[in-house]
Amino acid sequence: MIDSFSREQLLNLFDQAENETAAVDLHHQNDRYLDKLFIAEGSMKRVYRAYDSVVDRHIAYAELKSSHCEIKREAFLREAQLTAQLDHPNIISIYDISTSHAATPWFTMELKTGQTLAQQLQNSQQTQTILHSRPLRLEQFLKICDAIDYAHSKGIVHFDLKPENIQIGRHGEVVICDWGLGRMVSLDDHQDLIDADAEQLELYKDVTMTGKIKGTPGYMAPEQISGSQPKSYQTDIYALGAILYTMLCAAPPLSGDTKTMLDKTLQGDIVFPKQRFPELAIPESLNAVIRKSMSLNPCDRYQRVHQLQHELRQYLTGFSTQAENAGFLKELMFFYLRHRLICSISLISSLIVTLTVAIYQAHLNQTLTSLELAHERINHQVELIQKEKTNAQQALDMALQNKQWLNNLVLDNQDQLTKSVYDYCAIEIYKDPIHAMNRAVHELTLLRDANPSKPFYSTQLGYVYSIMQKFPEAKDAYQQHPLNKPDIFAPIAKMAHLYSGQRPLPLDGLMDYLNSMSNGHHPLYCVRVLSYDAALRNNRSEHAKLVHVVLKIWNPNWTEDQFNYQPELQKLSLAGKNLNQLTYHHRSSSDVRNWDLTVNIIGSLPIRELDLSQTDYYDFASLQHLNLETLDIRNTNIHRLLNIENFKSLRKLKLSKNQIPQNELTALPSQLEVEFF
Amino acid sequence: MNNWQTRQSLIDRARDSNDQDAWEEFCKFYDPFITYILNLQHTPSALLDDVRQKVLIKLWQHLPHFNYNRELGKFRTWMSRVIKHTLIDELRLQQTRHIGLQSILEHQLHTMQSNDTLEQSIEEDWKIYLTKKALEKITQRFRGKAMSVFELSMNHHSSEEIAKLLNLKKNTVYRLRQRVQLALREEIQALQQLLEGTP
């Protein structure tokens, strides 16, 4: 068998294999597609029904009518290739395409049995049929939109959409055919077509010259006729609007001769379904969608097919469409139509609720007003308090600041102050006890506050307060730092308890106190108490009794003691044995306690005349500090008048005979009167 | 389904010159072809074996260096040149050795050297050789009427005629023919891959 093949045949077989051309079968395409049966004819192609012997099915076989024109060949194959790129259930499927050099270019595609949309509409012209088929038509229309939206997404525009190019299958399938005018647009810029090449334009001219208009008047967009605007997606959208028009009315948007239709298209002179077919009761929503889609200016149309679809779906689900420019009331009506029962129930419920709320609201408003007033008042007061608080706080701050400053000052001068306090207590108290003690309190307070941890100052303060007969204060001061000396604190606490706030203290109480204190307490304290008491107490006689007590403390061996003070004469008469101390030489020389003075124990009493004649007193010199005018020392143990020159105020001296040696008597100052008994 | 398809290219295997199996297989395919060419050129039978051997060895030696370089052209072009020049060289050599054969060899040399299309025709012969090999192979594969359909259609019989002749349906005719065409194509391509190293 092999040998029966010629050299050429064998070489041919090799070349085919090597070049991998799938063209083997193309040589035999005449054998593949059998039993061709003419179906239809367009301006460019003839379409046959044919049997595909390879895959054993019937297909549609399209063939170029005049294969001599190169431009037409190009355009024909271009349609096939363009369509082949679209893989969508609602777009005709291309099976096979001939080689470009085939004698008669052809392509095969799926064979659609059924009718075109145009035929279907032609067969259902009765108003009732139109009305009944409206939902079906809208469904079909949405499928058409699906297909076109898909094509647009691939950058392909149909440019010749019309009912004749839409096949409706027996089972309701919708298929868009005849993409002969379709073209790619740039996907980058959706508005502008890629410039049609010169050949394409030639094709247009040619076709126009033959008298057959490309596209169908009524479905062609104005820009397709005038070329005033670039053709774009909106060109298809115009056609979609027109198709929707036709589907809803079973009549195309325009009728008449070609020229009239073209003119009307250009002028946008279209009577929309609602006016033209009032009996069809086209809803305003749909009318508006058509009107928007078929706008004269492409910019006024929907920009994308899915927007148009969305509007239709809005209508189908009972919403208003955007094209309709529905106002609130219209929206409300759509809403009501969608939800009648719910709306009614809601409305009644709303009324009840509104009424209840209104009544409650009025009541609430009243309460609210009074509450607001109260609130305002409170706010005002709060404000005032706040203000006062702020002021107080400021004052406090300042005081604290001052305090701090003062404390620092005190600490800086602590030694000086302490010394003053000692001076006040040891010296000044005999001169001006009230003032001295006040100063002492003042300064001790400062010292205590500046040294809160030092018990000394508060103890000292307690000491001063007790001199001042301010026992409650004294008690408090001592308590700040509890002493380990109960013999001091206990009498003070007792006095504070017994004589709270009384000054001067009752004589008995004070006498008891001094007696109880005497043990272990410095006798000087008693003299100081006397000094202050003298200033405090107006009754000299009473005070004198106190002096008697203190003098006894100083002279514990004083027996048969008599103490007689005559305030009017300022004369003190003493009697008894072992009275030997009327003054005390108080000397100290530390840093803070530096003094040298003689304390006059009975100095708190003003004494002009002192009668010691019934005592055994012996210390004449100690008497020089008493500032006496008259002194009676008869029968005493005084035998010399030492330092007589220092008795500045002494005017009269009473002596016994021979008590003093004669020579001393002659040396006595001349102004001094001496009486001898 | 195809013994050759899975095999590594012989050219690639020749790069490993120790591969004895590869050498044998190489010879199995090339030897008949070279013999055929040499016979076509009326190579004296005394020289035939020598030239055959030399060509085979040259090809084998040079195969590793044949790197599909486009400038060098296709393998078969190169092979044609190798065959031609090896034969011419041998003729010249023998010319000097065998004075008695001089006139005959002279004539042959002249014929070969004056033939501008010699290389080209060797190439064509190679193509036909491969196609025939492939046809042999698929003839073994296809039983029944498939090869007859193929043969008849190769001899310009229309599908209707074939259907009538072989008592087949028209589309069966078409289907059978296409299957053979496809199989043949695959065979040729597989052979090319094996022997020419076509990637």
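From a predicted model like this one, the values you see are computed outputs, not experimental measurements. (Residues numbered from 1 in each chain as written. Chains lettered and ligands numbered in written order. Predicted model: local features only at pLDDT ≥ 70, side-chain atom pairs only at ≥ 80, totals over all residues. Heavy atoms only, no water.)

## Looking at the sheet that holds strand β9 (residues 174-176) of chain A
Residues and elements named next belong to chain A.
- As summarised here, the arrangement of the three strands in space is β6-β8-β9, forming an open sheet in which the pairing is antiparallel. Strands at the two margins of the open sheet, each flanked by one partner only, are β6 (115-116) and β9.
- Relative to β9, strand β8 (residues 166-168) runs antiparallel, the two sharing three bridges. Note that in β9 the partner of Ile 166 across the bridge is Ile 176.
- Along the sheet face, helix α6 (residues 134-153) touches β8 and β9 and points at about 40 degrees away from the line of β9. (Pairing = 2+ DSSP bridges. Helix = DSSP H or I, 4+ residues; strand = E, 2+ residues; numbered from the N terminus. Contact = heavy atoms within 4.5 Å. Axes fitted to C-alpha atoms, helices over the stretch in contact; angles between N-to-C directions.)

## A few points about the pattern of salt bridges
Residues and elements named next belong to chain A.
- Per the stated rule, a full pass over the model turns up 34 salt bridges over all chains.
- The salt bridge partner of Glu 41 is Lys 65, with a shortest N-O separation of 3.3 Å. In this pair, Glu 41 is assigned in strand β1 (residues 33-41) and Lys 65 in the loop between β3 (57-64) and α3 (70-84), connecting sequence segments 24 residues apart.
- Put simply, Lys 419 and Asp 423 hold a salt bridge, and the shortest N to O gap is 3.4 Å. Of this pair, Lys 419 and Asp 423 both sit in helix α16 (residues 414-431), four residues apart, which is roughly one turn of that helix. (Salt bridge = Lys/Arg side-chain N within 4 Å of Asp/Glu carboxyl O.)

## Digging into the interface of chain B and chain A
- Each side of the interface is counted separately: chain B has 32 residues, and chain A has 27 residues.
- Here chain B and chain A share three salt bridges between them.
- Residue Arg 7 of chain A pairs with Asp 125 of chain B through a salt bridge whose shortest N-O separation is 2.9 Å.
- For the pair chain B and chain A, the interface holds four residue pairs in polar contact (both at pLDDT 80 or more).
- Mapped by element, the contributors of at least two residues to the side of chain B that touches chain A are α6 (118-141), α7 (146-154) and α9 (170-196) of chain B.
- Looking at the side of chain B that touches chain A residue by residue, the class counts come to nine nonpolar, eleven polar and twelve charged. (Polar contact = N/O pair within 3.5 Å; in protein donor to acceptor, adjacent residues only side chain to side chain. Nonpolar A, V, L, I, M, F, W, Y, C, P; charged D, E, K, R; others polar.)

## Re empty space enclosed by the protein
All names here are of chain A.
- In this structure the tally under the stated criterion is three cavities of 30 Å³ or more.
- By volume, the second largest cavity is sized at about 50 Å³.
- In terms of lining residues, the second largest cavity is bounded by eleven residues, among which Phe 159, Asp 160, Leu 161, Tyr 219 and Gln 224 are the most central.
- Considering every element that reaches the lining of the second largest cavity, the biggest residue donor is helix α9 (residues 233-249), with three residues. (1 Å grid on protein atoms, 1.4 Å probe; cavity = no way out; pocket = protein on both sides within 12 Å on 5 of 7 lines; lining within 4 Å. Points joined across faces, edges and corners; volume = space filled by probe spheres on them.)

## Regarding the sheet that holds strand β18 (residues 673-676) of chain A
All names here are of chain A.
- Taken together, six strands build an open sheet; the order of strands is β11-β12-β15-β16-β17-β18 and the sheet is mixed. The two strands at the open ends of the sheet, each matched to only one other strand, are β11 (559-566) and β18. Averaged over all pairs of adjacent strands, the angle between strand axes in this sheet comes to 10 degrees, irrespective of strand direction.
- Each of β11 and β12 (571-577) is contacted by helix α23 (residues 540-554), which is oriented at about 155 degrees to β11, the strand it contacts most.

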